[in-house]
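# Commentary on secondary and tertiary structure
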Amino acid sequence: MMWAACPAWAAGSLKVATWNLEWLTTRAQGDPALPPDVRPRTPTDMARLAHYASHLAPDIVALEEVDDPALAASLFPAPAYHLFITGDSVVQRVAAAVRADLTVVRHPDVTALDVYATDAPRHLRAGLDLTIGTGADSLRVLVVHLKAGCRDSSPTDRRPACATLRRQVAVVEDWIMERQDEGEPFAVMGDFNRLFAPDDPMLHILGENGPLTLATAGHASPCGAGTYFIDHIIMGGAARDWLQPGSLRVMLYRDRAVDGTAHLSDHCPVSVRLSLP
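Residues numbered from 1 in each chain as written. Predicted model: local features only at pLDDT ≥ 70, side-chain atom pairs only at ≥ 80, totals over all residues. Heavy atoms only, no water.

### With respect to the layout of surface pockets
- Taken as a whole, the largest pocket encloses approximately 800 Å³ of empty space.
- Taken together, 35 residues make up the lining of the largest pocket; nearest its centre are Glu65, Gln92, Arg125, His145 and Asn193.
- Elements that contribute at least two residues to the lining of the largest pocket include exactly strand E2 (13-24) and strand E12 (227-228). (1 Å grid on protein atoms, 1.4 Å probe; cavity = no way out; pocket = protein on both sides within 12 Å on 5 of 7 lines; lining within 4 Å. Points joined across faces, edges and corners; volume = space filled by probe spheres on them. Helix = DSSP H or I, 4+ residues; strand = E, 2+ residues; numbered from the N terminus.)

Below you can see the structure in the form of structure tokens.
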């Protein structure tokens with residue numbers, strides 16, 4: 001599916017971000033699809049999230065943990081943005097909001113990321129696959145939210161979560177190899193649930209077919225108590241040269257609602273800027 005718009009973005013700076021919105025849902029607390037401590041977003045929550053979304057002002061933003069697309073669309077509303085969301089039936093879907101004047105081609109969801117058996121009681125999140133822009137400066141984007149529970153273990157860790165994550169990393173590696181073989185500039189971004197230090201074996205697996213640039217490499221996130229990143233933006237192909245050095249930013253939630261009750265997210269938006277050719 002293609003969303004017709006301007007033939008390509010204007011040359012210059014493009015802001016690309018990823019933001020895990022932490023159970024963006026309208027389901028009632030106690031819904032069997034939710035953990036017992038998850039509650040639906042209140043109008044106060046949404047007003048504060050919309051404030052930060054407006055301040056973030058991305059050209060392209062990957063979104064994770066979206067259950068209700070209408071809630072996501074209220075943060076990045078039309079006519080300024082087009083919203084894309086995976087078609088799988090999980091509660092925590094991935095999505096993307098793209099500036100409405102950019103041309104977007106949607107590719108089939110990367111359902112292979114659900115490496116569980118078809119009869120499993122729960123399923124893993126598919127990836128969202130888009131091409132944004134046209135011509136030599138088009139950018140192929142894969143939005144992911146990978147399995148939690150294996151943040152910094154060795155690649156031989158026998159825990160089920162690590163085995164699952166390794167299988168998902170292999171799927172992402174295959175997607176990356178296809179982009180490299182086709183000569184496409186690309187980005188993989190989202191919540192990897194993995195502390196990708198430059199020497200991480202799983203990051204090395206992703207880069208086996210060609211060099212990648214990890215925008216978060218060598219940085220600790222100031223979000224929350226301050227930890228290393230699990231939300232990443234990885235650039236590949238010609239897009240590696242588009243990444244503006246020193247452009248990595250993390251938006252912090254510095255103010256809350258007056259009554260202190262607004263629940264925002266346990267992740268902060270992470271962004272970089274690209275210089276288009």
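Moving on, there is more to tell.
### Observations concerning the sheet that holds strand E4 (residues 81-85)
- The six strands lie next to each other as E4-E5-E3-E2-E15-E14, forming an open sheet whose pairing is mixed. Edge strands, defined here as strands with exactly one partner in the open sheet, are E4 and strand E14 (249-250).
- Across five bridges, the pairing between E4 and strand E5 (residues 93-99) is antiparallel. Following the sheet pairing, phenylalanine 84 is matched in E5 by alanine 96.
- Against the sheet, helix H1 (residues 43-56) makes contact with E2, strand E3 (60-66) and strand E15 (270-275), and its axis sits at roughly 165° relative to E2, the strand it touches most. (Pairing = 2+ DSSP bridges. Contact = heavy atoms within 4.5 Å. Axes fitted to C-alpha atoms, helices over the stretch in contact; angles between N-to-C directions.)

### Considering the side chain of threonine 18
- Relative to the helices and strands, threonine 18 resides in strand E2.
- The residues touching threonine 18, leaving out its near neighbours within four places in the chain, are Val61, Ala62, Glu64, Met189, Gly190, Asp231, His232, Ile233, Cys268, Pro269 and Val270.

### So, the state of the cysteines
- For the structure shown, the criterion picks out two disulfides.
- What pairs with cysteine 150 in a disulfide is cysteine 162, and their sulfur atoms sit 2.1 Å apart. The sign of the 105° torsion about the S-S bond sets the cysteine 150-cysteine 162 disulfide as right-handed. Here cysteine 150 is found in the loop between strand E8 (139-145) and helix H3 (160-182), whereas its partner cysteine 162 is found in helix H3, with twelve residues between them in sequence. There is no split in this pair, since cysteine 150 and cysteine 162 are both buried.
- In this model, cysteine 223 is linked to cysteine 268 through a disulfide, with the two sulfur atoms separated by 2.0 Å. Judged by the sign of its S-S torsion, about 75°, the bond between cysteine 223 and cysteine 268 is right-handed. Separated by 45 residues along the polypeptide, cysteine 223 in the loop between strand E11 (220-221) and E12 and cysteine 268 in the loop between E14 and E15 bring together distant segments of the chain. A single burial state applies to cysteine 223 and to cysteine 268, both of which are buried.
- Cysteine pairing for the protein (bonded cysteines numbered in sequence order): 1-2, 3-4. (Disulfide = S-S within 2.5 Å. Buried < 20%, exposed > 50% of the residue type's maximum accessible area, 1.4 Å probe, protein only.)

### Description of the pairing of E5
- With respect to burial, E5 is a largely interior element, six of its seven residues being buried.
- Two elements, E3 and E5, share five bridges in a ladder whose sense is antiparallel. Along E5, the bridge assignment pairs alanine 62 with alanine 96.

### Observations regarding the confidence of the model for the protein
- For the protein, the mean per-residue pLDDT works out to 91, and 92% of the residues sit at or above 70.
- Throughout residues 1-10 the model reports pLDDT below 50, and contacts reaching past four residues in sequence, or to other chains, amount to 30 contacts. (pLDDT = per-residue confidence, 0-100.)

### Remarks on the pairing of strand E13 (residues 231-236)
- Here E13 lies mainly inside the structure; six of its six residues are buried.
- By the alternation rule, side chains of E13 split into Asp231, Ile233 and Met235 and His232, Ile234 and Gly236, which are all buried.
- Here six bridges tie strand E9 (residues 186-191) to E13, and the two strands are oriented antiparallel to one another. Its bridge partner being in E13, valine 188 is matched across the sheet by isoleucine 234.
- Where strand E10 (residues 212-214) lies against E13, three bridges are found, and the strand directions are antiparallel. Bridged to threonine 213 within E13 is methionine 235.

### Here we look at the nonpolar core
- By size, the foremost hydrophobic cluster in this structure holds 56 residues, and its most contacted members are Trp19, Leu63, Phe76 and Leu274.
- Membership of the second largest hydrophobic core comes to 23 residues, among which are Leu113, Leu142, Leu146 and Leu212. (Core = buried A, V, L, I, M, F, W, Y, C linked by side-chain atoms within 4.5 Å.)

### Remarks on H3
- Helix length check: H3, at 23 residues, gives a terminal C-alpha distance of 34 Å against a target of 33 Å (1.5 Å per residue), a fit within 8%.
- Immediately downstream of H3, the backbone of glycine 183 shows phi near 70°, a positive value. (Expected span 1.5 Å × (residues − 1).)

### Comments concerning the pattern of salt bridges
- Counting across every chain of the model gives 13 salt bridges.
- For aspartate 101, the salt bridge is made with arginine 99, and the minimal N-O distance between the two is 2.5 Å.
- Owing to a relative accessible area of 32%, aspartate 101 belongs among the partly exposed residues under this scheme.
- Note on arginine 99: relative accessible area 23%, which makes it partly exposed.
- Here arginine 179 ties to glutamate 184 by a salt bridge, and the two come within 2.5 Å at their closest N and O atoms. Accessibility classification places arginine 179 together with glutamate 184 in one group, the buried group.
- Look at the salt bridges and you will find they share partners, linking Asp129, Arg140, Glu178, Arg179, Glu182 and Glu184 into a network. (Salt bridge = Lys/Arg side-chain N within 4 Å of Asp/Glu carboxyl O.)

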